[in-house]
Every structure is written in C-alpha cells, then in structure tokens.
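Notes for the structure review
One letter stands for each residue in the lines below.
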There are 2 protein chains.
Amino acid sequence: MVKTLTTLEPLITRLLEIRRIQSAAAVLSWDQETYMPAGGGAARAEQIATLEGLAHQRLVSAELETLLTEWVDPVTGQAADSWDEPSRSLLRETWRDFSRAKKLPSDFVIRLSRECSLAQQAWVTAREESRFSKFLPSLKTILGLKRDEARYLGYRNSPYDALLDTYEPGSTIAQLAPLFTQLRERLVPLLRRVQGSTVTIDDRCLHQSFDQSKQVEFGRLVLTAMGYDFERGRLDLSAHPFTTSFHPTDVRVTTRVFENDLPSCLFSCIHEGGHGLYDQGLDPRYYGSPLGESVSLGFHESQSRLWENCVGRSRAFWHCFYPLLQHTFPQQLADVPLERFYAAINRAAPSLIRVEADELTYNLHIMLRVEIEQALIEGRAEPDDLPGLWNEKMQSYLGIVPERDAEGVLQDVHWSMGAFGYFPTYTLGNLYSVQFFEQAALELPELEEEMRAGHLLPLRRWLEQKIHRWGRMFTPDHLARRVTGSGVNPEPFLRYLETKYGELYRL
Amino acid sequence: MVKTLTTLEPLITRLLEIRRIQSAAAVLSWDQETYMPAGGGAARAEQIATLEGLAHQRLVSAELETLLTEWVDPVTGQAADSWDEPSRSLLRETWRDFSRAKKLPSDFVIRLSRECSLAQQAWVTAREESRFSKFLPSLKTILGLKRDEARYLGYRNSPYDALLDTYEPGSTIAQLAPLFTQLRERLVPLLRRVQGSTVTIDDRCLHQSFDQSKQVEFGRLVLTAMGYDFERGRLDLSAHPFTTSFHPTDVRVTTRVFENDLPSCLFSCIHEGGHGLYDQGLDPRYYGSPLGESVSLGFHESQSRLWENCVGRSRAFWHCFYPLLQHTFPQQLADVPLERFYAAINRAAPSLIRVEADELTYNLHIMLRVEIEQALIEGRAEPDDLPGLWNEKMQSYLGIVPERDAEGVLQDVHWSMGAFGYFPTYTLGNLYSVQFFEQAALELPELEEEMRAGHLLPLRRWLEQKIHRWGRMFTPDHLARRVTGSGVNPEPFLRYLETKYGELYRL
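Calculation criteria
Residues numbered from 1 in each chain as written. Chains lettered and ligands numbered in written order. Predicted model: local features only at pLDDT ≥ 70, side-chain atom pairs only at ≥ 80, totals over all residues. Heavy atoms only, no water. Pairing = 2+ DSSP bridges. Helix = DSSP H or I, 4+ residues; strand = E, 2+ residues; numbered from the N terminus. Axes fitted to C-alpha atoms, helices over the stretch in contact; angles between N-to-C directions. Least-squares fit on C-alpha atoms with pLDDT ≥ 70 in both. Contact = heavy atoms within 4.5 Å. Expected span 1.5 Å × (residues − 1). Buried < 20%, exposed > 50% of the residue type's maximum accessible area, 1.4 Å probe, protein only. Polar contact = N/O pair within 3.5 Å; in protein donor to acceptor, adjacent residues only side chain to side chain. UniProt positions renumbered as here; feature names shortened; annotations may be inferred. Buried area = accessible area lost by both parts, 1.4 Å probe. Salt bridge = Lys/Arg side-chain N within 4 Å of Asp/Glu carboxyl O. Nonpolar A, V, L, I, M, F, W, Y, C, P; charged D, E, K, R; others polar. Parallel < 35°, antiparallel > 145°, perpendicular 65-115°, else oblique. Left-handed = near helix turned anticlockwise from the far one by under 90°.

1. Considerations on the sheet that holds strand S4 (residues 243-247) of chain B
Residue and element names in this part refer to chain B. If you walk across this open sheet you meet the 3 strands as S3-S5-S4, and the pairing is mixed. Since the sheet does not close on itself, it has two edges, and those belong to strand S3 (233-237) and S4, each with one partner. Here the average twist between neighbouring strands, direction ignored, is 20 degrees. Across 5 bridges, S3 lies against strand S5 (residues 250-255) in parallel orientation. The partner of aspartate 236 across the bridge, within S5, is threonine 254.

Right under this line is the structure:
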C-alpha cells in the first residue's frame, strides 16, 4: 500500500509549529521595515533573533531527527518509492532543510539573526547619510559570519556555492558562470548598438510632478487588476520595496514613491505584486510544510519580473491601462501619446540604481554584484575594497560611476541582511520570466488580446496552476522542465530583448 | 553578604527569553488590531497561540522551577532576607507568575489564546452588524474556558477572584464590593442632583464637523506635550483604542476618530498617552523581569485616567491648549469661549458608551459590567441572558437603554479577549488617579501654574519617579501607600467629583 501524508502527521504538526514561529518573526521584520519607531530597533533585533533561534532549535531537535531518519535515507536524502509523490517531496525537502540547519549551531543562528537586524538598521542610516564608512563595521561582522556559515554548510568548489544553494537549491556558480558569460557577450554589444542608435528616447514625461498618494492609488488599482487579493494582503511604504508572507491569507507588499519619478512606485508595485501573487497562490493546506513554500528565489523573481516586464512594460498592457493613467494624471499625461509613454518606460541607458535599471542593463548590475560578493566570500576581496571595486566594475560594464555611496555600493539592502548569494537569483528570474511568459502565450492563444482588454486574470490563473500551487513539490530544475520543457535558458530572454530594443531603437 | 541580582543571572536570562516571545506575540496582536488584512485572522490566531504556548512552556519548565525553588520558599512565596530588595521583589513576583502559570496546562493556554483571537475577530464583525447572536457562540466558548481557568487557578470564595487577581494582584471581589457600594451611594444621588440642576450644558460645539486628520494631528501634539516619545512610540488607528508595549523603546498607542465627535479622538489620545507614559517610563534595564513590568492594571488605568481627567478635563490644561485647538479648528471653535468648551467636555449625563462616559457616570458603567461578569463566572447567569441583563441594569443605574447591541452589550472588546475580571481595575484606576494627582499637587506646588503654561513634563517626571520606574518592585497596595500614605481610597475621588460638578452645575 502506498503511504501518504497522513502517515507524516506527527512530522507535519512539528513543521507547522516551526513555520508559525518563523511567520511571527516575519511579522516582526515587516513591522521593522514599515512602522517600527526608530528607538525600537535594538530590542526588535533581539526579539527576532529569539524567534529564529527557537525555530532553528526545533528544526534540528532530536525528536524531529528521529521522525525523519525513520523515513528518509540519510545518504541519498530521499524517501522510498512506497510513498506517494507529495510525501516523497515533503520528505526530500524537509530533509534538505533539516540537514542544512543541523550544520549550523543554534547560537550561531541567533547571533547571525541579531547582527543582521542591527546591520540592516545601520545600513538605513549609512544610506541616508551616503556614508559607506558608517556601514563598514556592520558589513565586516556580517561577512565574517557568512564566511563561517559557508564553512559550516560545506561545499565542493567555492564557499559561495554553499550560500547560493540557500536561495537557489541545486545551483552552483560553476553552472551559472556560462549563463553570465553568454548574457554579457550579447548584452554589452546590444547596449552599444542602442547607444549608437539615431533614435533617442525622451523620458522626461515620467519625471514631472506626480501626486504621491495618487501614484500609490494607481499602484493599488494595477495590483487589483493583477488579481492580488487585498482581503489577504496590504500595500505599504518602505525604504526598499519588498514582499513578505505570513500565510497565503496574509501576504504583504511594499512600495516607495517619489514625486518626480513615476516608474519607481508604478513598477515596484507591479514587481512586488508578482511576488505577492506567488505567495497568495501557494496552497494554504500545505502551510507549514515545504509543499506550501515557493520553490526557489529564482522562481520567485521570475514571477515579479514577468509581471513587471513582460506585462508591465508591454504595449498590450498599456493599451488598457494608459488611458486610466492619463485619467489619473491628466495635466501631466493628456498630451503624451501612448507610443511616447511606451518608449519612455522602455528607454535603455546605463544608470546607477539596479532596481530602476531597464531590462537591458539590469543583468549587468547583477553580474557586478555577483562578482563582488563571490570575491568577498572567497576571501579575494575585503569590505574595505568595496567602493573601489564597485566603481571600477560600474565603469567597465556600464561606463558610468556613482558620485555618492548611496547611489553606489550602499543602494541595496541585501548584504546588510546577510543575503550573500541572493543576487544570482535575479538573473535566473529574468531568464525564467521570458521562458514562462512565452510558454503562457503558447498555451493561452488569447493572452495578448486579454491583456489589451485589461484582463490579467487568465495569466495569473495559468501561473498559479503551473507554478504557484506546486510549492516545493518539484526541484526548481524539474519544475522549469515541467512548465517549459527545458531548464533555465538565456536564449528566449536574449531574443526577447533583441527584438524589443531592435524595434524601439530601429537597430 | 547580601545577595544581589547578579546571582539571579541564570534566572533573568530565561525570563528575558520568555518576555521576548511574549513581546513578539504582542506585536502580532497589535498588527491584528491595526493593519492585518481581514483574511489573515485565522492564521494569526494560530501564530499567537503558538507563541503564547511556547512562553508558557518555558515559564513552567523544570529548569526554571529548579532555579526558583532553590531561592524561594514555596509555602510563603518569599525569598530569604539575605537577598537585597530588588532580588527579593524579583523572586517574589516571578514565583507568583510561575506558580499561577504552573496551574494551567500548556494545551489549555494555547487553546485559550487561539479562541480569544478568533472570538475577538468574531466580536468585530458582530459589533459592526450590531448582532449579539453572531458573537454568542464565541462568548460561550470563551466563558467556558475562563470558568475552567478559575478552577485551575483556585480561589477561596468566588471563582471571579481567581481572574481578578490576574489583573490586580491581591484584590478580591469581597474587598472591592464596599468600594463599589460607597461609590454607588454617593454617585447616584450626585447624578440626580446634576440632572435636577437648573444649569444645562450644551455640548453641541463638540459635535460639529472636524477634519479627521487634523484631529489626529492635534492628538499627536498633546501626546508630545505630555512627554510621550515618538522616537519610542507610534499613534495608529484601531476599532478600540489601546496601548501596547514591546519594550520601553517601543510603546504604541492607538485612537479612533469620528468627524462629528471631537472628544473621542482627543480624550482617547490623552488616555492612551497616560498608559504609554507608564510603559515608556519602565526601566529598560529590567525588561524581561517583573521589575520591568507595570505593577497592576489598576495602576495602569490610574495613569491613563489621571491624564485624561485630572489633566485633560481641567481648566488649567485648556488654558494653554484651548487657543491651539481653536487655531486648529477656527471655523468651529473661534466663537466658543473657553468656559463653554470646558463645560462641554465635562457635561455629565447618562449615556450608552462607557469609553465616552463622563467622570460621574463612568463607574456606574463599570459596576454594571462587574456584576454581570461576576454572575457569568459564578454560573449565576449565562451568555444567552446577557442582552436582557445589560438593559435591565442600564435602566436601573443610568435610566436609559440601548436600542442596538453595538451600543450595549457588544460595545467592549474585553469579554471577547477573555478579559473577565479586568473591569474592576478601571474603577480602581479612577480612585487611584485622584489620589495620585492630589499627592502630585502637594509635592509640586507649581503644578497648576505649570499646567496653565502647557508644561506637563514636571508631572510626567513625578509619575515616572514615584510609580513608573519601580515596575513590580512593590505590591500594588504597598506602592499606593508609598506614594500617597494610604491604600486605595474612594474619598478623594468622590470629593473631587462633588466639587467639580457642584461648581459646574451650581448644586
């Protein structure tokens, strides 16, 4: 007789308790980024660290180990064939989480959590003042801890792989390097051709004065049209837009808004909305187990980038939404035709800020970060070298150099959070996003027409059915093959960009 | 050699972890009441219950028991004289918390927490729809659990005492009954005289149209003047105003605001601000131990009522703040003289809503609730009887009866939260508030002059020095005697009201 999830009940109950503790910690982090008064930071770091420590202790407990080793072969990390597929997946993924966690001492986990909360707060101040030196001590601490973590976790070739695997299970830098090379080899020349084009795109229409609350309202409208459910979510403001989930019934996104920069709020809403749809699309019955979690950060990013770029920077989408945007900002946009607006939101040019980069240059921003963080983790670079390294690579890839640290090495939150190894998932997300969108277009022949009419729900449903609801049932590579017939592949992404920019810039 | 807190370090570390878990649960509750999307309620109830369960397990753990029984005599609950006073207090109060918690099974604590979160959400809906029947099933569940809790905790005379002791250590209904009788015997005739007076106070000036965001801004201004520190706090909106604290560096208050009701936002800000000052005034070095907690809810309420009434409804306070309020609402208040405004905010009349009741009738609202909840806990009444009982007592004490459940039995959040035994602390708070304020006036001869000049910080400092910073160093009764020379005493409160209303209504 095939064994099912029912047999795993004692394990699932324990995982559920762990997840609830982690969700509580996530609420505390969300609050830290949105509403917490500045004075509360030190106490908050300790509270989150306490919860993370408790969750870790429970995950590596002897009780859980006994249950797991009864069902999983510790050598292969797999359960026997006598289990049904959901059970085998649950056991395989839980074993992965357990065995990784088991390598980290509990006091290390608590210390890392505390230092990351504190470093994140130091980063906020340093960034406000644009002074890297103010963040440097925290960065040294965090980097030291992450090097330790890589050692604890173990690796074959590079310690960086140990960290990368946290976010993108199964990936290594050796596998990703050829992808990056291929991208660089086609993107840099494409950028040169764009820069040499006779077409110049004027995007000043996006940088007029736009009422901030109206910007947020429009973001809310687009989120609603995407199918993001406000009964199970919220939109707030934070220094750095993000998505967090406490349960599929409570998934929150944030944005930021600037009076003179329409794209910032608009595209961060759509981007985070893509993340939010993934988390709202996870199966609530599986909350607590790996089957109720997203499969990888690359997949998560594919959802945000698909919505932000394949949808949010497409003609079809704006066919319906541009009149609404004009209606919201008549004074600013009534005289700007759709084609001019479409060109403006797709203008490609080297720029300083990753999250505001166009689709073409975005991955160059990522490569720079991946190279730097890999060098840091491997000990080939030190935090003191960072501003110099950053500017050198900016010059080499994008031909521009920031004048202020806030627009350079201090712009991203990730290193302060200890999220070394996270950046490659952005590029994976970009590649996957086009693969998935093209597959959706194949399977939904009306997709473009639907989008032109403002009907985004068929696309959302397709993503939910093909990706969201599966959680970690399959590995990332397996799920990609299941959806598109192949693993990660830069070709569709490169073709998409070459076509899009070829047309825009008449190359 | 006298033993000090240093010896208690192993105990203090464990208490700190427990407090951090409880603080995390408090963040989740705050979020539930302020920002959580409606759909997130069920998952949130489980998350909070998980944390409450963890905190309870740790408090009753064998490890903590071993430490405690080494230092505390389990019969008397006291530590030996060889300890210094802070240590003796810490041990006495920790023993109290431990031995009470020990009587409750962990699964009971988890179940109670979960049911209370759910009942609170059911109450919100029932209240919105003004349908008691919608709240009735939850109330039955909660009442059953609270009756169980009283049995677990044990009591001499009434099971109600077991619950009352949670909020007001050392109090019993037998001790409070004479206070209530004394109040009733003087307040009911005073109300009659007010109602028979030839003076009628017109408070229509308070019920014009007032811009909601300006109301909140004014509340913020008063909070700042009181010394409430926004670097360590926030003001948000919620259905029912409340104060919560996660640490002395993160103490949050909420208010509610109605366009046509100026007092609601104004006095709830001042009231919750009084609570907030207490929590911000606790010694952060003691966070985690009883020395860093408020001594009782009666004391807590004394702070909110002192600020709301003795300050916020005084001529001296408005001497400075009324011109600012007129400046905020010139159209509505420019032609209303200070005396008319002062009379309006002190108008006494039977009304339906407790939190909006005047100082004279407020305690009649409390008595009604205390009698009902005592009867419910003692099994002399059942939830089905509630609306009938409520209306009967309203008729008898105040001579009016609500037409809708939302303005009657559904108006308060307490029973949905399982807070049976909480209401008496409101009356204790009222009595203490006048005792403390009169003592402050004795010790600060300039107090009235300072208040007239808008200088509220000397009063705040006095309260901090005399009450806040001591935490649970002394028992409530001991602390009251230390501050005023006597225990709780209704006489100052009654004299204060007789003088105030005597003058206002020319009795």
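2. Brief notes about the relation of the copies chain A and chain B
If you rotate chain A by 180 degrees and push it 0.0 Å along the axis, it lands on chain B with an RMSD of 0.0 Å. This pairing of chains is accounted for by a two-fold axis. Minimal C-alpha distance to the rotation axis in chain A is attained by alanine 24 of chain A, lying at 3.5 Å. When you check the interface residues of chain A against chain B, 100% turn up at the interface there too, and the contact is symmetric in its surfaces.

3. Observations concerning helix H9 (residues 212-226) of chain B
Residue and element names in this part refer to chain B. Along its 15 residues, H9 runs 21 Å from first to last C-alpha, staying within 8% of the 21 Å computed at 1.5 Å per residue. When H9 is considered as a whole, its buried residues turn out to be Gln215, Val216, Phe218, Gly219, Val222, Leu223, Ala225 and Met226. Of the surrounding secondary structure, the elements contacted by the buried residues of H9 are S3, S5, helix H10 (262-281), helix H11 (297-311), helix H12 (315-328) and helix H19 (457-466). Positive phi shows up at glycine 227, right after H9, with a value of about 95 degrees.

4. So, the environment of arginine 472 of chain B
All names here are of chain B. Here arginine 472 is to be found in the loop between H19 and helix H20 (476-484). When the C-alpha atoms of arginine 472 and asparagine 363 are compared, they prove to be 26 Å apart, with 109 residues separating the residues in sequence. At 2.8 Å, the side chain of arginine 472 forms a polar contact with the side chain of glutamate 93. Only 2.7 Å separates the side chain of arginine 472 from the side chain of glutamate 293, close enough to count as a polar contact.

5. Let's talk about the UniProt feature "active site" (unreviewed entry) in chain A
Residue and element names in this part refer to chain A. Residues annotated by UniProt as "active site" (unreviewed entry) correspond here to Glu272. Considering the arrangement of structural elements, one finds glutamate 272 in helix H10 (residues 262-281). Classification of glutamate 272 as buried rests on a relative accessible area of 7%. Apart from the residues lying within four places of it in its own chain, the contact partners of glutamate 272 are Pro241, Phe242, Thr243, Val253 and Thr254.

6. Some words on the UniProt feature "binding site: Zn(2+)" (unreviewed entry) in chain A
All names here are of chain A. Here the UniProt-annotated "binding site: Zn(2+)" (unreviewed entry) positions come out as His271, His275 and Glu301. A compact arrangement is adopted by the annotated residues: their sequence extent is 31 residues, whereas the largest C-alpha distance between any two is 8.7 Å. For histidine 271, the position within the fold is in helix H10. The exposure class assigned to histidine 271 is buried, which follows from its relative accessible area of 11%. Excluding residues within four positions of it along the chain, histidine 271 makes contact with Glu301, Ser304, Arg305 and Glu308. In this structure histidine 275 comes out as buried when scored by relative accessible area, which is 10%. Setting aside chain neighbours within four positions, we find histidine 275 in contact with Thr243, His300, Glu301 and Ser304.

7. Section: the interface of chain A and chain B
Taken together, the contact between chain A and chain B spans 35 residues of the former and 35 residues of the latter. Interface of chain A and chain B: buried area, both sides summed, is about 2700 Å²; carbon and sulfur atoms make up 60% of it. Seen at the junction of chain A and chain B, the total is 6 salt bridges. Notably, a salt bridge pairs arginine 252 of chain B with aspartate 31 of chain A, separated by 2.7 Å at the nearest N-O pair. In this structure, the connection of chain A to chain B is made through 16 residue pairs in polar contact (both at pLDDT 80 or more). Those elements that place two or more of their residues in the side of chain A that touches chain B are helix H1 (9-34), helix H2 (41-59), strand S3 (233-237), strand S4 (243-247) and strand S5 (250-255) of chain A. Partitioning the side of chain A that touches chain B into residue classes produces 15 nonpolar, 9 polar and 11 charged.

8. Digging into the packing of helix H1 (residues 9-34) of chain B against helix H3 (residues 62-71) of chain B
Residue and element names in this part refer to chain B. Two elements in contact, H1 and H3, have axes whose closest approach is 10 Å; the angle formed by their N-to-C orientations is 135 degrees. Considering their axes alone, H1 and H3 lie oblique with respect to each other. Where H1 crosses over H3, the two elements pack in a sense that is left-handed. Touching Pro10, Leu11, Arg14, Leu15 and Ile18 of H1 are Glu63, Leu64, Leu67, Leu68 and Trp71, all from H3.

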